[in-house]
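One-letter residues, chain by chain:
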Amino acid sequence: METNDYGKETDTGFCDRAQGFGGQARDGCEIDFSDGQGVRAVRDAGAVVKMLQRLPLLWKMLFPLAIAAVCSLVYLGSSTLVLKHNNSRLAHVRDVLFPVLEITTDNVGALDKIIEQLNDAASSGEKDPLDAAATIAAKVRANYARLRGIDADKAEEFRQLAAEFDAYYSAAHAVAKEMMDKSGAPDPRSLQAMSAKLDTYRKDLLSFRDSANSRFTGTIGDATSDADGAVSTGIAIGLLSLCLTLGFGIAIARALLRQLRQALKVAQTVAAGDLTSRIEVTSHDETGQLLQALKDMNDSLARSVDEHKRLEALLQHQASHDTLTGLPNRALLQDRLKQAIATAVRSPSPIWIIFVDLDRFKLVNDSLGHKAGDAMLKQVAARLQSAVREADTVARLGGDEFVLVLPERIDGSGSLSAAVVQRILDAVAQPMMIEGHEFVTTCSMGIAVHPNDGADGETLMTHADIAMYCAKEVGRNNFRFYSPAMDARILERLRLEGELRHALERDEFELHYQPQVDLRSGRIVGMESLIRWNHPELGMISPARFITLAEETGLIVPIGAWVIRTACAQNQAWQRAGLGRLRVAVNLSARQFAQKNLAEFIMNILDETGLAAEDLEIELTESLVMTDVERAVGVLDDLKRIGVQLSIDDFGTGYSSLSYLKRFPIHVLKIDQSFVRDIATGADDAAIVALIISLAHSLKLNVIAEGVETPEQLAYLNLHDCDEMQGYFFSKPVPAEAFEKMLRSGKSLSSGFDRASA
């Protein structure tokens with residue numbers, strides 16, 4: 001402790017402790033927390049509160065009992081000390097004060113009797129009183145001997161008394177001895193002097209007795225007072241313990257009730273479906289854990305509800321939208337179309353329904369897989385949306401089919417604007433990159449209008465679909481408006497499709513062969529195999545009527561395999577019959593070309609039929625190989641490795657470039673008959689044919705002219721050194737039996753016709 005300038009004591013230890021908490025001690029031990037460091041002290045005090053908050057509920061409930069127990073232990077300890085001290089005092093009273101008081105009182109009485117006997121002896125002059133006094137003196141002597149036997153070490157305050165007892169005893173002993181040594185008659189003066197002396201002793205003993213009695217009374221009083229104090233302390237501690245227990249118990253009970261009410265309120269709120277309530281957890285005991293569990297449950301339910309709403313919205317979106325493109329699906333399309341029709345009925349206005357189908361989409365799926373096909377569908381969906389207004393509907397029905405609903409989109413003449421339709425066609429036809437490959441896809445569109453072509457959405461979509469198929473029949477990348485006359489054509493198409501599915505198993509197909517003639521020798525050096533469908537009821541059906549249908553339905557793959565196998569087997573049969581070595585040409589469809597392991601498949605057929613690979617020629621259209629140049633080069637390289645001949649059919653009708661043509665490992669270019677038809681009368685076609693022949697020869701390719709029907713055409717081809725021809729001028733396609741007769745007869749071009757004369 002130190003003294004400050006005001007004379008007050010200060011606790012320097014407390015000041016030091018305050019500095020240890022980050023404060024600064026000033027005069028009078030004033031603690032300055034202005035520098036912010038003393039916040040640590042407050043934080044430490046808060047840590048204690050947090051520690052109490054973290055106590056389990058059981059410990060909180062036992063906390064008041066613990067306080068009561070501590071108070072009881074304090075009371076028991078203090079009471080024990082008081083009782084022990086009182087026992088010591090009472091033992092002191094029993095062992096020291098009481099015997100001293102008793103002996104002193106007895107000796108005072110004895111001295112009174114001795115003085116009385118001495119006075120009697122002095123007045124009577126007899127010896128008997130002296131004998132009685134001697135007897136009494138012996139008793140006093142014995143008492144003093146008894147007093148000396150008391151252990152004076154039991155109490156420090158009796159050490160002086162013990163010395164006084166020794167003095168009194170010595171005096172009494174001397175008197176007694178003096179009395180006992182008197183042999184004669186007692187001397188009255190001596191007896192009176194002795195009596196006076198003993199009276200002095202008596203007074204001292206009385207004083208001592210009074211002192212001893214005072215000590216006795218004081219000790220008993222102190223013991224009684226301490227006992228009363230212990231009782232009072234016990235009552236006070238009991239009341240304090242009761243108050244603390246009740247106080248802490250009530251506080252804990254109120255806290256528990258508050259938390260339980262909060263938990264009940266949260267539970268009722270959650271049960272009512274309100275998951276937005278805020279729950280604060282201020283303790284870490286069981287009630288705090290209950291609140292935390294309710295909070296976690298509330299949060300979990302809130303997350304579950306949010307997730308449920310999100311999933312519900314997602315499911316609702318998926319139920320009404322296409323999962324791949326995100327466009328409305330058939331269900332949403334029908335709903336929007338129904339609403340559009342209802343609006344159009346209230347305020348008469350046309351609604352245009354456009355059915356869109358991608359051309360040769362299956363080629364992408366078959367060549368690059370469905371992943372590439374999905375990528376193309378996504379791009380087409382985006383392009384269709386960009387080509388129409390936001391108010392218009394673009395929906396996907398499935399596969400490569402889309403439907404557009406254009407309400408109130410008419411021009412001044414009351415018909416759909418051609419610019420709108422063309423913009424849609426152009427948007428789809430833009431080149432697109434898919435997995436590093438450039439594709440150009442087109443679409444065919446059928447258009448129906450409400451209310452002329454139907455009063456309900458289903459009828460309108462059906463008629464638009466019919467118009468779309470008619471657009472495909474006239475050459476793709478086109479559109480047609482619905483007309484009732486289209487129904488008959490569609491019914492015929494549906495019938496053909498049904499019959500086509502069974503034609504192969506019923507063996508209704510047959511191959512016709514058109515000779516390919518060498519213009520130098522005039523001899524037949526090969527033939528092109530052309531499929532025909534000999535229907536039992538409809539008769540001979542032209543390929544123009546069913547090939548496109550077979551490609552769309554996917555039946556072209558098994559039909560094409562039958563064509564290759566049959567043509568190879570027939571060629572091998574003629575060679576075995578000694579009719580010469582011929583080259584048979586087979587047209588390959590886009591879907592066949594997109595097959596995986598095409599070269600392996602053809603090699604298996606060659607092994608099966610025994611035909612040499614160089615006697616088989618695979619014809620591919622120019623547009624087919626230009627769809628995906630990189631893949632086409634790879635497939636053609638595989639086919640070349642197995643030894644088959646490769647030719648580009650209908651050359652000149654597509655968009656080949658010389659750079660691409662040089663990359664293709666082909667052997668033959670076939671000039672399309674559309675150029676050959678007018679070479680005798682049209683200067684442009686003649687120039688094109690001459691250019692193709694010159695180009696092919698510069699690339700070391702053979703040239704075959706298709707569709708040669710007149711001597712003039714043949715003469716022009718000979719003049720420009722065309723290698724081979726085929727066409728009606730020499731022979732139309734004929735069945736195998738007729739072609740065999742032609743071979744056996746040795747039919748050839750007229751021997752009088754030569755290049756010089758031409």
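A. Inspection of the overall build of the protein chain at higher detail. Helices and strands together make up the secondary structure of the protein chain, namely 24 helices and 21 strands. A total of 758 residues make up the protein chain; the buried ones form 43% of that total. Considering only residue pairs separated by 6 or more positions, the protein chain has 67% of its internal contacts joining residues 24 or more positions apart. Accessible surface computed for the protein chain: about 39200 Å², of which carbon and sulfur atoms make up 54%.

B. Representation of unusual backbone geometry. The omega torsion of the bond from histidine 450 to proline 451 falls at 10°, within 30 degrees of zero and hence cis. Examined against the element boundaries, proline 451 turns out to sit in the loop between strand E10 (443–450) and helix H12 (457–473). For aspartate 507, which is not glycine, the phi dihedral falls at a positive 60°. Within the secondary structure, aspartate 507 is located in the loop between helix H13 (486–503) and strand E12 (509–518). Unlike most non-glycine residues, aspartate 721 shows phi in positive territory, near 60°. Mapped onto the elements, aspartate 721 comes out in the loop between helix H23 (711–719) and strand E20 (724–726). What makes aspartate 721 partly exposed here is its relative accessible area of 40%.

C. Structural view of a nonpolar patch on the surface. Together, Ile235, Leu239, Leu242, Leu246 and Ile250 line one region of the surface with nonpolar side chains, adding up to about 490 Å² of accessible area. As for its placement among the helices and strands, isoleucine 250 is situated in helix H6 (residues 188–271).

D. Highlighting the environment of leucine 101. Within the fold, leucine 101 resides in helix H3 (residues 57–124). Taking relative accessible area as the criterion, leucine 101 reaches 14% and is therefore assigned buried.

E. How the structure looks around the pattern of salt bridges. This structure, assessed with the given rule, holds 18 salt bridges. Among the salt bridges present, the one from glutamate 528 reaches lysine 670, with a minimum N-O distance of 3.1 Å. Taken together, the residues glutamate 528 in strand E13 (residues 524–535) and lysine 670 in strand E18 (residues 668–671) connect sequence positions 142 residues apart. Note that glutamate 614 is salt-bridged to arginine 581, the shortest N-O span being 2.6 Å. Highlighted residues: glutamate 614 in the loop between helix H17 (598–609) and strand E16 (616–621) and arginine 581 in the loop between helix H15 (556–576) and strand E15 (583–587), separated in sequence by 33 residues. The partly exposed category is assigned to glutamate 614, whose relative accessible area is 40%. Counted as one network, the salt bridges with shared partners bring together Glu528, Glu619, Lys670 and Glu706.

F. Inspection of the side chain of aspartate 672 at higher detail. Of note, aspartate 672 is situated in the loop between E18 and helix H21 (673–676). One buried charged residue, aspartate 672, remains without a salt bridge, the closest side chain of opposite sign being arginine 677 at 6.4 Å. At 2.5 Å, the side chain of aspartate 672 and the side chain of serine 674 are in polar contact.

G. Broad picture of the environment of valine 420. Note that valine 420 resides in helix H11 (residues 418–428). Along the chain, valine 420 and valine 388 lie 32 residues apart, while their C-alpha atoms are 7.8 Å from each other.

H. Looking closely at the sheet that holds strand E7 (residues 401–407). Reading across from one edge, E6-E7-E5-E10-E11 is the order of the five strands in this open sheet, with mixed pairing throughout. Of all strands in the sheet, those with a lone pairing partner are strand E6 (393–398) and strand E11 (479–481), marking the two edges. Each adjacent strand pair in this sheet contributes to an overall mean axis angle of 20°, direction not counted. For E10 and E11, the ladder comprises three bridges, and the chain directions are parallel. Bridge assignment links methionine 445 to a residue of E11, and that residue is phenylalanine 479.

I. Fine view of the side chain of serine 731. Within the fold, serine 731 resides in the loop between E20 and strand E21 (734–735). Not counting the four nearest positions on each side in its chain, serine 731 is found in contact with Gln514, Pro515, Met742 and Lys747.

J. View of the packing of aromatic side chains. Summed over the entire model, instances satisfying the criterion amount to nine aromatic pairs. Judged by centre distance (6.0 Å) and plane angle (80°), the ring pair of phenylalanine 479 and phenylalanine 481 falls under edge-to-face. On the accessibility criterion, phenylalanine 481 (37% relative accessible area) is partly exposed. A centroid spacing of 6.0 Å and a plane angle of 45° characterise the contact between phenylalanine 509 and tryptophan 533, whose relative ring orientation is tilted. Within this pair, whereas phenylalanine 509 is found in strand E12, its partner tryptophan 533 is found in strand E13, the two being separated by 24 residues in sequence.

K. Spatial organisation of helix H8 (residues 330–346). With 17 residues, H8 extends 24 Å from end C-alpha to end C-alpha; this agrees with the ideal 24 Å at 1.5 Å per step. All buried positions along H8 are accounted for by Leu332, Leu333, Leu337, Ala340, Ile341 and Ala344. With a side-chain oxygen lying 3.3 Å from the backbone nitrogen of alanine 331, the N-terminal cap of H8 falls on asparagine 329.

L. Fine view of H12. Spanning 17 residues, H12 covers 25 Å between terminal C-alpha atoms, matching the ideal 24 Å at 1.5 Å per step. Of all the residues in H12, the buried ones are Gly457, Leu460, Met461, His463, Ala464, Ile466, Ala467, Met468, Cys470, Ala471 and Lys472. If you check the start of H12, you find a side-chain oxygen 3.2 Å away from the backbone N of glutamate 458, and it comes from aspartate 456. Immediately beyond the C-terminal end of H12, within one or two residues, lies glycine 475, with a positive phi of roughly 130°.

M. A look at the packing of H15 against H17. Two elements in contact, H15 and H17, have axes whose closest approach is 9 Å; the angle formed by their N-to-C orientations is 35°. As for the relative orientation of H15 and H17, their crossing is right-handed in sense. Only Phe601, Ile605, Leu606, Glu608 and Thr609 of H17 make contact with H15, whose side of the interface consists of Ala561, Ile564, Arg565, Cys568, Ala569, Gln572 and Arg576. Its residues assigned to classes, the contact of H15 with H17 comprises seven nonpolar, two polar and three charged.

Definitions and limits used
- Along each chain, numbering runs from 1 in the same order as the chain's sequence is written.
- Per-residue local features are limited, in this predicted model, to residues with pLDDT of at least 70; the limit for side-chain atom pairs, both in listing and counting, is 80 or more; totals at the level of whole chains, interfaces and linings are taken over all residues.
- As a rule here, side-chain values come from all non-hydrogen atoms in the structure, and water together with hydrogens is ignored.
- Under the DSSP-based scheme used, a helix requires at least four consecutive residues in state H or I and a strand at least two consecutive residues in state E, with every element numbered from the N terminus.
- A simple rule labels every residue: compare its accessible area, found with a 1.4 Å probe on the protein chains alone, to the largest value its type can have, and call it buried under 20%, exposed over 50%, or partly exposed in between.
- Every residue pair with non-hydrogen atoms within 4.5 Å of one another is taken to be in contact.
- Note on areas: these come from Shrake-Rupley sampling with a 1.4 Å probe, and a residue is covered only by the protein chains present in the view.
- Patch membership is restricted to residues that have no salt bridge and whose relative accessible area is over 30%. Joining uses 9 Å for like charges and 5 Å for the nonpolar side chains Val, Leu, Ile, Met, Phe, Trp and Tyr.
- Definition used for salt bridges: Asp or Glu carboxyl oxygen within 4 Å of a side-chain nitrogen of Lys or Arg.
- Charged residues are defined here as Lys and Arg on the positive side and Asp and Glu on the negative side; His and the ends of the chain fall outside this count.
- For the purposes of these results, a polar contact is taken to be a pair of N or O atoms within 3.5 Å, where, inside protein, one atom must be able to donate a hydrogen and its partner to accept one; residues adjacent in sequence count only when each atom of the pair is a side-chain atom.
- Strand pairing is assigned whenever DSSP detects at least two bridges linking the two strands.
- Geometry is summarised by axes, namely lines fitted to C-alpha atoms with helices restricted to the contacting stretch, and by angles between N-to-C directions that run from 0 to 180 degrees.
- Ring geometry is summarised as follows: Phe, Tyr and Trp rings, the Trp one being its six-membered ring, pair when their centres sit within 6.5 Å, and such pairs are stacked at plane angles under 30 degrees, edge-to-face over 60 and tilted between the two.
- To estimate how far a helix should reach, multiply one less than its number of residues by 1.5 Å.
- Crossings are sorted by hand: turned counterclockwise from the far helix by less than a right angle, the near helix makes the crossing left-handed, and turned clockwise it makes it right-handed.
- Charged means Asp, Glu, Lys or Arg here, nonpolar means Ala, Val, Leu, Ile, Met, Phe, Trp, Tyr, Cys or Pro, and polar covers whatever is left, Gly included.

Note that all results are geometric; they support no functional claim without further evidence.
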